[in-house]
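Observations on chain architecture
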Amino acid sequence: MSFDIFVCRFDNGEPTPLDMRTAQEVLNPYVVARDSRTNFLQVRTAEREEACVFFSSPGNITFNRFGGNGIMDLLAILLRRLDAVLVVPGGPTMIQRDEDRDLLPAALKDEWPVIVARTGAEIDRAIRAS
């Protein structure tokens, strides 16, 4: 898929920094290309599925040109390890637990669907349904 989705973390409706060290730890085994000037990674799973990953800011990791079960599973692991949510512009915001809904900004809770998606398959279904 060739659109951007965003890994973010919120507390009381405000963005909070992600643990970038943990993010690197999760993604590094899959990195096949890296540009430290632009904070870009290209990751590839064992199934040869790829994604472009940008460390956009301390509170945001952007995935682009992603697809396949392996990438979705990797994304699910990343969300779990970072205690983060996945924001799909114009689509759902995916949380790990029902109680995470209370942490989101009002705009995300009130204007877009918020769904619990814990696995790569659940994330994939939610994106495709949006």
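Residues numbered from 1 in each chain as written. Predicted model: local features only at pLDDT ≥ 70, side-chain atom pairs only at ≥ 80, totals over all residues. Heavy atoms only, no water.

What about the pairing of strand β4 (residues 31–35)?
Sheet analysis places β4 next to strand β5 (residues 40–44), joined by 4 bridges and oriented antiparallel. Its bridge partner lying in β5, aspartate 35 is registered against phenylalanine 40. Connecting β4 to the next strand, β5, in antiparallel fashion are 4 residues, including asparagine 39 with a positive phi near 55°. (Pairing = 2+ DSSP bridges. Helix = DSSP H or I, 4+ residues; strand = E, 2+ residues; numbered from the N terminus.)

Observations regarding the environment of glycine 68
Along the chain, glycine 68 falls in the loop between β7 (60–64) and α2 (69–82). Judged by relative accessible area, glycine 68 falls into the partly exposed class, the value being 26%. Glycine 68 sits 53 residues away from alanine 121 along the chain, and the two C-alpha atoms are 9.5 Å apart. (Buried < 20%, exposed > 50% of the residue type's maximum accessible area, 1.4 Å probe, protein only.)

What to know about the packing of α2 against helix α4 (residues 120–129)
In a pair of packed helices, the angle between the axes and the distance between the axes together describe the arrangement. For the pair α2 and α4, interaxial distance at closest approach is 7 Å and the crossing angle is 105°. The angle between the axes of α2 and α4 places the two elements in the roughly perpendicular class. For the pair formed by α2 and α4, the contact residues are Met72, Asp73, Leu75, Ala76 and Leu79 on the first element and Gly120, Ala121, Ile123, Asp124 and Ile127 on the second. Of the residues in the contact of α2 with α4, the class split is 7 nonpolar, 1 polar and 2 charged. (Axes fitted to C-alpha atoms, helices over the stretch in contact; angles between N-to-C directions. Parallel < 35°, antiparallel > 145°, perpendicular 65-115°, else oblique. Contact = heavy atoms within 4.5 Å. Nonpolar A, V, L, I, M, F, W, Y, C, P; charged D, E, K, R; others polar.)

Note that every value here comes from positions in space, so none of it alone points to a role or purpose.
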